[in-house]
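# Secondary and tertiary structure notes
Each chain, written out:
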Amino acid sequence: MQPFLDVERSVTGRRWWNRGSCDREAERIALTISQRHGLPDLAARVLASRGMTLENTERFLTPTLRSDLPDPMVLCDMQAGVDRLTRAVLAGETIGILADYDVDGATSSAVLVRFLRAAGANTLVHVPDRVTEGYGPNERALAGLRERGAALVVTLDCGTMAHDVLDASADDGLDIIVVDHHMAEPELPRVTAVINPNRLDEDGTLGHLAAVGVTYLVVVALNRSLRANGWYGERRPEPDLLALLDLVALGTVCDVVPLHGLNRTFVTQGLKVMGRGHNAGLRALTRVARLTRRPEASDLGYVLGPRINAAGRVGESGMGARLLVLEDSDEAAAIAQVLEDRNTERRDIEKSVLEAACAQVEHHGNNQTVIVVAGQDWHQGVIGIVAGRLRERYQRPACVVSVDGGLAKGSGRSMPGFDLGTAIITARHHGILTAGGGHEMAAGFSLEARQLNELRAFLAARLAEQRDGAALVPELAIDGVLAPAGARREVIDALARLGPFGSGNPEPRFAITGARIVRADVVGKRHVRCVLAGEDGARVQAIAFRALDTELGPALLAHSGGSLHVAGHLRLDDWGGRSRIRVFIDDVAANTGV
């Protein structure tokens, strides 16, 4: 494919490509969408380029649960799991919940706990400690729940690969239901039910759901079963399932699953629920984060999510899950402040580990096709974040490993074109890793420290194999061309209707062609702001965040009035209480056409 605007290698080393289509049929569809739905031409072109037709545009612009929510019973083992949960509620059994320590796990736990409490059931919750217990169910935790009275345990966002632990607990008489979304293998744990849309015997239709989305389907099915059994009445009304969608939206965004289909509907409707502020924990969290407007999808991932995650990274793992089920505003405020403090601590630790990791990359000559760095006693709570930072900075898959004596635990983040989760599972089968699994874009693993070099070699070979020897070239997708004069409020409002944006539904990115940088300076410690002028002289303000961490910042500051192509997003910037139209710059490239 011909690179967009002939940008084979931008300032940040990326190849630009056109996400849209320029053929006559796409032009016709865009024109029809624009006329039928009253959208600016630019927004209609984005919709057409992303596969929208006149028939499905209305459903895309106004997603509803009525049209998108499937029958939960389409998932394997849903019937068995719901039957067991129904018996537990009707009999007054205590239901144990073991959830992962990330936001997806915390929100999954909160959704199930809030529903079960509203339905009159008894619950016990355990969130394993990241450092002392590690990911997923363990024998001590399951035994503890049983000793506290749980005859049934539901694992959330974990358990699919925990064969030995779950099999042993099931053999001891503990009923277990796994609710998960992680990649599975042919053999499943011998438990009451494994409800996971990524089981190999599923058709994959719902494989994009986060664990919280799967949990919500369980709740929908369980509510239906309890209603059929006459459980609800004047003294015990049905729980409000729609009120749980704020939690579903939060977990969905923070787990970076694709925002299309049902996920997009969850987030769209969940943001509306969150805006009503009925959840005491989320209200308290928005206050300590100084979020004064109605939350947007990006706020879930970059503002609220990191604070909930913070306790699991550098504090008490279950604190985030507990916050989300609180009804008392004062208690919620106290926990939210602790999470804020933990998040500040997490940022300091992250900065230290990132600096050490970058020094290792530079020391090795910056020539690893898959970055694997390791450090003694690097905090396990931040290695996943640091892996993501390395991927962004060096535009390559990256794994960060914390070594403790002869043992090591790692976390990796990948790029399109390299299935890291499958590579990690394969490495485990080859005996390089003692444990490991994940998704295409992220994975976690454990190994003996002496096998680090073997892991480096294996991942490099796996990358070469997956790509038939072709290099993994960083790319930047562009949705179209924008002139500074076209940066208008009505265009931004129309583009917002295409959201919420995230993985699988990226925010539209446009190229300002032949732009000149009229002025550029540094703001804060790492950001660069500037004024861009188009070929017609029209101007627009722009900013590049964290640009001094890459080649982008120096390139913007070193402008000499020459012509550039600038790629970025068009947004309203409300900083300081004033709304300004800005281009948020992602990349620049030389204009080779002049």
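Scroll up to find the structure this text is about.
Description of the structure in this document. In this text the structure is predicted, and so the values were computed from the model without any measurement.

Under the definition given, this model contains two aromatic pairs. Between Tyr 216 and Phe 266 the ring centres are 5.5 Å apart and the planes differ by 80°, which places this aromatic pair in the edge-to-face class. Note that Tyr 216 is positioned in helix 9 (residues 211–228) and Phe 266 in helix 11 (residues 262–275), a separation of 50 residues in sequence. Taking relative accessible area as the criterion, Phe 266 reaches 0% and is therefore assigned buried. We note Arg 236 situated over the ring of Trp 231; from NZ or CZ to the ring centre the distance is 3.7 Å. Its guanidinium or amino end placed over the ring of Phe 584, Arg 571 lies 4.7 Å from that ring's centre, counting from NZ or CZ.

Its volume calculated, the second largest pocket comes out at about 310 Å³. Considering the residues around the second largest pocket, the lining is formed by 15 residues, among which Met 52, Phe 60, His 260, Gly 261 and Arg 264 are closest to the centre. If you list the elements that add at least two residues to the lining of the second largest pocket, you get helix 3 (54–61) and helix 11. If you tally residues by element for the lining of the second largest pocket, the top one is helix 3, at three residues. For the lining of the second largest pocket, the residue count by class is five nonpolar, six polar and four charged.

Let us now look at the sheet that holds strand 3 (residues 122–126). Sheet architecture is open: five strands sit in the order 3-2-4-5-6, paired in parallel fashion. Taken across any chain shown, the strands that pair with only one partner, and hence form the sheet edges, are strand 3 and strand 6 (193–195). Neighbouring strand axes in the sheet, compared pairwise and without regard to direction, differ in orientation by 20° on average. Sheet topology note: the strand 5 (residues 175–179)/strand 6 ladder contains three bridges and is parallel. Each bridged residue has a counterpart across the sheet, and for Val 178 the counterpart in strand 6 is Val 194. This element, helix 5 (residues 78–91), spans strand 2 (94–99), strand 4 (150–156), strand 5 and strand 6 of the sheet and lies at about 140° to strand 4.

Considering all chains together, one arrives at one cavity of 30 Å³ or more under this definition. Here the largest cavity is characterised by a volume of approximately 30 Å³. Lining of the largest cavity is provided by Leu 85, Leu 112, Val 154, Leu 156, Ile 177, Val 179, Thr 215 and Val 218.

To continue, consider the sheet that holds strand 11 (residues 442–448). Spatially, 7-8-9-11-10 is the arrangement adopted by the five strands of the open sheet, whose pairing is mixed. Whereas interior strands pair on both sides, the edge strands pair on one side only; in this sheet they are strand 7 (371–376) and strand 10 (435–438). Direction aside, neighbouring strands of the sheet carry axes that sit 15° apart on average. As paired strands, strand 8 (residues 398–404) and strand 9 (residues 407–413) are joined by seven bridges and run antiparallel to one another. Within strand 9, the residue paired with Asp 404 across the bridge is Leu 407. On top of the sheet, helix 16 (residues 383–394) reaches strand 7, strand 8 and strand 9; it is set at about 45° to strand 9, its chief contact. Sheet strands in contact with helix 18 (residues 452–466) are strand 7, strand 8 and strand 11, and its direction is about 165° off that of strand 7.

A few words now on a nonpolar patch on the surface. Together, Val 522, Leu 548 and Leu 557 line one region of the surface with nonpolar side chains, adding up to about 200 Å² of accessible area. Mapping Val 522 onto the fold places it in strand 14 (residues 510–523). When its relative accessible area of 40% is taken as the criterion, Val 522 is described as partly exposed.

Within the fold, Glu 507 resides in the loop between helix 19 (489–496) and strand 14. Within the structure, the side chain of Glu 507 is placed 2.7 Å from the side chain of Arg 571, a separation counted as a polar contact. Those residues in contact with Glu 507 that lie beyond four places of it in its chain are Arg 50, Asp 479, Phe 501, His 569, Leu 570 and Arg 571.

The next point concerns the environment of Ala 211. Mapping Ala 211 onto the fold places it in helix 9. Setting aside its immediate chain neighbours within four residues, Ala 211 contacts Asp 104, Ser 108, Asp 157 and His 181.

Judged by nonpolar contacts, the single largest core of 82 residues is most densely connected at Phe 115, Leu 116, Ile 195 and Tyr 216. A per-element tally of this core places helix 9 first, with ten residues. Leave out the neighbours within four places in its chain, and Tyr 216 touches Leu 65, Val 111, Leu 241, Leu 242, Leu 244, Leu 245, Val 248 and Phe 266.

Here we take up the environment of Tyr 232. Mapped onto the elements of the fold, Tyr 232 is located in the loop between helix 9 and helix 10 (245–254). Separated by 16 residues in sequence, Tyr 232 and Val 248 have C-alpha atoms that sit 24 Å apart. Non-local contacts of Tyr 232, meaning those with residues more than four positions away in its chain, are made with Phe 115, Ala 119, Asn 223, Leu 226, Arg 227, Pro 237, Glu 238 and Pro 239. Among the polar contacts made by the side chain of Tyr 232, one reaches the side chain of Asn 223 at a distance of 2.7 Å.

What counts, and where the lines are drawn
Residues numbered from 1 in each chain as written. Predicted model: local features only at pLDDT ≥ 70, side-chain atom pairs only at ≥ 80, totals over all residues. Heavy atoms only, no water. Phe/Tyr/Trp six-rings, centres within 6.5 Å; stacked < 30°, edge-to-face > 60°. Helix = DSSP H or I, 4+ residues; strand = E, 2+ residues; numbered from the N terminus. Buried < 20%, exposed > 50% of the residue type's maximum accessible area, 1.4 Å probe, protein only. Lys NZ or Arg CZ within 6 Å of the ring centre and 35° of its normal. 1 Å grid on protein atoms, 1.4 Å probe; cavity = no way out; pocket = protein on both sides within 12 Å on 5 of 7 lines; lining within 4 Å. Points joined across faces, edges and corners; volume = space filled by probe spheres on them. Nonpolar A, V, L, I, M, F, W, Y, C, P; charged D, E, K, R; others polar. Pairing = 2+ DSSP bridges. Axes fitted to C-alpha atoms, helices over the stretch in contact; angles between N-to-C directions. Contact = heavy atoms within 4.5 Å. Patch = residues over 30% accessible without salt bridge, like charges linked within 9 Å, V, L, I, M, F, W, Y side chains within 5 Å. Areas by Shrake-Rupley, 256 points an atom, 1.4 Å probe, with all protein chains shown as cover. Salt bridge = Lys/Arg side-chain N within 4 Å of Asp/Glu carboxyl O. Polar contact = N/O pair within 3.5 Å; in protein donor to acceptor, adjacent residues only side chain to side chain. Core = buried A, V, L, I, M, F, W, Y, C linked by side-chain atoms within 4.5 Å.

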